[in-house]
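Breakdown of the fold
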Amino acid sequence: MTENPSHLPPSGPFLSRREALQATAAAAALATWPSASEAETSAAPAGAGTSAAAVPAVTLTMTVNGRAHTLTIDPRQSILDVLRETLNLTGTKKGCNQGACGACTVLVDGRRIVSCLTLAAMHDGSRIETIEGLEKDGALRPLQEAFVEHEGLQCGFCTPGQIMSGLGCIAEGHAGSPEEIRFWMSGNICRCGAYPGIVAAVADAAGRM
Amino acid sequence: MFPFVLEKTRSIEDAIAAAASGARYIAGGTTLVDLMREEVEMPDRLIDINGLPLDAIRIEGDDVVIGALARMADVAANPDVQRLQPLIAESLIEGASPQLRNMASMGGNLLQRVRCPYFRMLDAPCNKRSPGSGCSAIDGLNAAHAILGTSDHCVATHPSDVAVALVALDATMRVRGPEGERSFPVEELFRLPGDTPHLEHTLLPGELITEIRVPGGPYSRRARYLKVRDRASYEFALVSAAAALLIEDGVIREVRLAAGGVGTRPWRLRDCEAQLVGKRPERQAFAEAAALAPQGARPLHHNRFKVVLLPRTIVRALEMAGEVA
Ligand SMILES: Cc1cc2nc3c(=O)[nH]c(=O)nc-3n(C[C@H](O)[C@H](O)[C@H](O)COP(=O)(O)OP(=O)(O)OC[C@H]3O[C@@H](n4cnc5c(N)ncnc54)[C@H](O)[C@@H]3O)c2cc1C
Ligand code: SF4
Ligand code: FES
Ligand code: FES
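Being a predicted model, the structure only gives us computed values, none of them experimental.

Per the UniProt annotation, the sites labelled "domain: FAD-binding PCMH-type" (unreviewed entry) are residues 1-219 of chain B. Secondary structure content for residues 1-219 of chain B is 24% helix and 18% strand, while the C-alpha to C-alpha distance between its ends is 48 Å.

Have a look at this one:
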């Protein structure tokens, strides 16, 4: 699962051991993470392998896909965790959880970011857009259409992040040529290698938008 | 993740007071959250400094002054930065990914921690993480590690790209702490590992980086950053070079040169600079000067290639800087 370009060397026995460790850690985190309602009532959710010291919960508001939410969360939760586990918006994917794959890309106040490295508690009042918010009255956005037309995906795991990042790339004015698109979409890793379709989709949508 | 307390502040004084009593600053979080999740760093108190008025980018005379909380993406896209200090813009864009640059701050970038994989492997000896435990990289997988400035205790490179440009350009930084304010060259922020590899920078407890000042020189506009890495983008440098040139009457009058990916801190190349002044900007002169760059290199088993790649990268960066109209 882990695509981790930032940790050198890129391959070798110890990285695969590391991957195994990470997979275990991720599973443990999922198993022990409190639901929103638990977090509200008990302010001391168990962190994997740590003391049970109290963590004061944080209350904040966040507008997600146009809907305002008042949330009481654990300060350890990333925006990604809040989206997936508190708000049940599982379109945004957890890949590496380390900023390295782009699967968790969302727009915060109009800018693309990796939501896994962003503590939600630092974003009181933020406006967040996720893949779930793109469709309007049953119609897909041009970039979504383009991903379908150009087969910009195989397994689809990275697709929500690719699309959110593609929206950012186009809005920033970095979709002028295939080379430019490749450079400015490099924060999104696709295990299947569907890049030609992804680049074509972003180029096509940039032309239409 | 382990438990911690998160506080916010809008006052620089309060932030410094909190940090002086043990809290850690958090800006973009792209280094800190990552290391906290892996329990490499375990601060129990975080102070969110994003409410501080430290994100402006301004021009003062010939200087570009960049707030510590300015985002990498905003600095790189700033028209004044692009015009007056293209090396800063280019080195930023060559670092991380667009999503990370939208969050990551300039101050946090300078204080990012090493990317040595053993530093993050809690069960591997690492003097930087646990002083005295040993260094797994010296006899391990060290293709990405440093050849300059290393010690028997740590051989990790400093990973920042923009720091290489800032060191080349004689940038200074302003910090504020419990004892007041001071300014010093960015180069002096970084320590060599020596026998204290866990101490990476020269900030005093509680000190907050407030701004970075890049002095403009006539060489600033003819400046390029070249980053050599395993793939074309979104990867840390194997070797990088920042080069700025002033050419007058067909002769190099001034030059600024620094390298990344090879040193335990951003590596200023003053001997190469001295060698170039007064020479014609030609490949032969570039190559003779660049040959001095690996002076004192102590290559490891897997990173000998850097001794050859470093001068080549410098030559190419100088050629690119010379080509800038
Ligand atoms: C996948 C990945 C790839 C990357 N690739 C590159 C790359 O190619 N090149 C590159 O240069 N970088 C790269 N980075 C690193 C990235 O640029 C840094 O993580 C980022 O710049 C840190 O900034 P931040 O604001 O998020 O810092 P934070 O994580 O918030 O803080 C980092 C450290 O700085 C301290 N700090 C922050 N601001 C201040 C301040 N004003 N005063 C005093 N202390 C402060 C914090 O206490 C902490 O110790 C990469 C990161 C990731 C995750
Ligand atoms: S090179 Fe430095 S960071 Fe890496 S294992 Fe050795 S001591 Fe730790
Ligand atoms: S999950 Fe991989 S970048 Fe966030
Ligand atoms: S990872 Fe499967 S389509 Fe990209």
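All names here are of chain B. Overall, the coordinates contain 38 salt bridges over all chains when judged by the stated rule. Ionic pairing is found between R213 and D63, a salt bridge with its closest N-O pair at 3.1 Å. Highlighted residues: R213 in strand β8 (residues 208-214) and D63 in strand β5 (residues 63-67), separated in sequence by 150 residues. Note that E207 is salt-bridged to R182, the shortest N-O span being 2.8 Å. Of this pair, E207 sits in the loop between β7 (180-185) and β8 while R182 sits in strand β7, and the two are 25 residues apart along the sequence.

Residues and elements named next belong to chain A. You can read the domains of chain A as domain 1 (59-133) and domain 2 (135-209). Relative to domain 2, the C-alpha centre of domain 1 lies at a distance of 20 Å. Taken together, the contact pairs 17 residues of domain 1 with 17 residues of domain 2. Interface area for domain 1 against domain 2, summed over the two sides, is near 1300 Å², with a carbon-plus-sulfur share of 55%. As a salt-bridge pair, R112 and E172 come within 2.7 Å of each other at their nearest N and O atoms. Between domain 1 and domain 2 we count 6 residue pairs in polar contact (both at pLDDT 80 or more) in total. With 3 residues, the top contributor of residues to the side of domain 1 that touches domain 2 is strand β3 (residues 105-108). For the side of domain 1 that touches domain 2, a count of residues per class yields 6 nonpolar, 6 polar and 5 charged.

What follows is about the interface of chain B and chain A. Of the residues lining the interface, 47 residues belong to chain B; the matching set on chain A comes to 47 residues. For the chain B and chain A pair, buried surface summed over both sides reaches about 3900 Å², with 61% attributable to carbon and sulfur atoms. On the chain B side of the contact with chain A, R37, Q99 and Y234 of chain B bury the most area, a combined 17% of that side's loss. There are 1 salt bridge connecting chain B and chain A. In this structure, the salt-bridge partner of D74 of chain B is R111 of chain A, at a minimum N-O distance of 3.0 Å. Viewed at the interface, chain A and chain B are joined by 14 residue pairs in polar contact (both at pLDDT 80 or more). The dominant element in the side of chain B that touches chain A, judged by the number of residues it contributes, is helix α6 (residues 98-103) of chain B, at 6 residues. Class assignment for the residues of the side of chain B that touches chain A results in 22 nonpolar, 8 polar and 17 charged.

Cut-offs used in this document
- All residue numbers refer to positions counted from 1 along the written sequence of the respective chain.
- Whichever chain is written first becomes A and whichever ligand is written first becomes 1, with later ones labelled in order.
- Given that the model is predicted, a residue must reach a pLDDT of at least 70 before its local features are reported, and side-chain atom pairs must reach 80 or more before they are shown or counted; all residues, however, enter totals for whole chains, interfaces and linings.
- Calculated side-chain values reflect all of the structure's heavy atoms, with hydrogen atoms and water omitted.
- UniProt positions are given in the numbering used here, feature names are shortened, and annotations may be inferred rather than shown by experiment.
- Numbering of helices and strands runs from the N terminus; a helix is a DSSP stretch of H or I covering at least four residues, while a strand is a stretch of E covering at least two.
- When a carboxyl oxygen of Asp or Glu is within 4 Å of a side-chain nitrogen of Lys or Arg, the pair counts as a salt bridge.
- For each domain, the first and last residues come from an automatic or database assignment.
- Contacts are residue-level and defined by heavy atoms, with any inter-residue pair within 4.5 Å sufficient.
- A quick way to say it: buried area is the sum, across both parts, of accessible area lost when two parts are put together, with a 1.4 Å probe.
- In protein, a polar contact requires one atom able to donate a hydrogen and another able to accept it; more generally it is a pair of N or O atoms within 3.5 Å, and residues adjacent in sequence count only if both atoms are side-chain atoms.
- Each residue receives one of three labels: charged for Asp, Glu, Lys and Arg, nonpolar for Ala, Val, Leu, Ile, Met, Phe, Trp, Tyr, Cys and Pro, and polar for the others, Gly being one of them.

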